[in-house]
Amino acid sequence: MTLTYLATIPVKPAHMDEACEAVSSITPVTRKEAGCVAFEPRRAADGSSTITIFEEWADRDAFDFHHAQDYTKDVFAKYENWLESDPVLVELKSLES
């Protein structure tokens, strides 16, 4: 059973470009990880300083593997200074489940 998440990352406006670059830099390697079904970061169309990431993982091991990678940890460390507030991670379920 896959795990699907929607991550909402509220970024301080002054750090939005840096945050987008950081997430963009790990997107290709993340998509190549075993167990990554989807990793789709987007910025808010209204110009607000929010990044939203749709993530789907084959299982919990794939999700945990992603978060254990140095490149993921590096982005999280940068977030400490860039975030307006804590990210929100919502697990999604299929309508048919």
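One structure accompanies this document, and this report is about it. Since the structure is predicted, the reported quantities are computational estimates derived from the model, not experimental observations. (Residues numbered from 1 in each chain as written. Predicted model: local features only at pLDDT ≥ 70, side-chain atom pairs only at ≥ 80, totals over all residues. Heavy atoms only, no water.)

Topic: the side chain of serine 49
Now for step 1: Positionally, serine 49 belongs in the loop between β2 (36-43) and β3 (50-57).
Now for step 2: Of the residues examined, serine 49 reaches a relative accessible area of 15% and is grouped as buried.
Now for step 3: At a separation of 2.5 Å, a polar atom in the side chain of serine 49 contacts the main-chain carbonyl oxygen of valine 11. (Helix = DSSP H or I, 4+ residues; strand = E, 2+ residues; numbered from the N terminus. Buried < 20%, exposed > 50% of the residue type's maximum accessible area, 1.4 Å probe, protein only. Polar contact = N/O pair within 3.5 Å; in protein donor to acceptor, adjacent residues only side chain to side chain.)

A few points about the pattern of salt bridges
Now for step 1: Going through the model one piece at a time under the given rule, you end up with five salt bridges.
Now for step 2: With a closest N to O distance of 3.1 Å, arginine 31 and glutamate 40 form a salt bridge.
Now for step 3: The partner of arginine 42 in a salt bridge is glutamate 40, with the nearest N and O atoms 3.3 Å apart.
Now for step 4: Residues participating in the shared-partner salt-bridge network are Arg31, Glu40 and Arg42. (Salt bridge = Lys/Arg side-chain N within 4 Å of Asp/Glu carboxyl O.)

Focus on the sheet that holds strand β4 (residues 88-92)
Now for step 1: The strand order β2-β3-β1-β4 describes an open sheet built from four strands, whose pairing is antiparallel. Either end of the sheet is taken by a strand with one partner, and the two such strands are β2 and β4. The sheet shows a mean angle of 15 degrees between the axes of neighbouring strands, taken without regard to direction.
Now for step 2: Note: strand β1 (residues 3-10) against β4, five bridges, orientation antiparallel. (Pairing = 2+ DSSP bridges. Axes fitted to C-alpha atoms, helices over the stretch in contact; angles between N-to-C directions.)

Observations concerning the nonpolar core
Now for step 1: Within the largest apolar cluster, 22 residues are counted, with the highest numbers of intra-cluster contacts made by Ile9, Val11, Ile51, Ile53, Trp57 and Tyr79.
Now for step 2: Of all the secondary structure elements, the ones that give two or more residues to this core are β1, α1 (16-31), β2, β3, α2 (60-68) and α3 (70-82).
Now for step 3: Top element by residues in this core is α1. It accounts for six residues.
Now for step 4: Those residues in contact with isoleucine 53, other than ones at most four positions away along the chain, are Tyr5, Leu6, Ala7, Ile9, Val23, Phe39, Glu40 and Pro41. (Core = buried A, V, L, I, M, F, W, Y, C linked by side-chain atoms within 4.5 Å. Contact = heavy atoms within 4.5 Å.)

Brief notes about α3
Now for step 1: Compared with an ideal rise of 1.5 Å per residue, which puts 13 residues at 18 Å, α3 spans 19 Å between its outermost C-alpha atoms and is within 8% of the ideal.
Now for step 2: Within α3 the residues assigned to the buried category are Thr72, Val75, Tyr79 and Trp82. Along the long axis of α3, the arc covered by the buried residues comes to 75 degrees, so they all point the same way. Across from the buried face of α3, at angles greater than 90 degrees, the exposed residues are Asp70, Glu80 and Asn81.
Now for step 3: Looking at the buried positions of α3, the neighbouring elements they touch are β1, α1 and α2. (Expected span 1.5 Å × (residues − 1). Arc of directions from axis to C-beta.)

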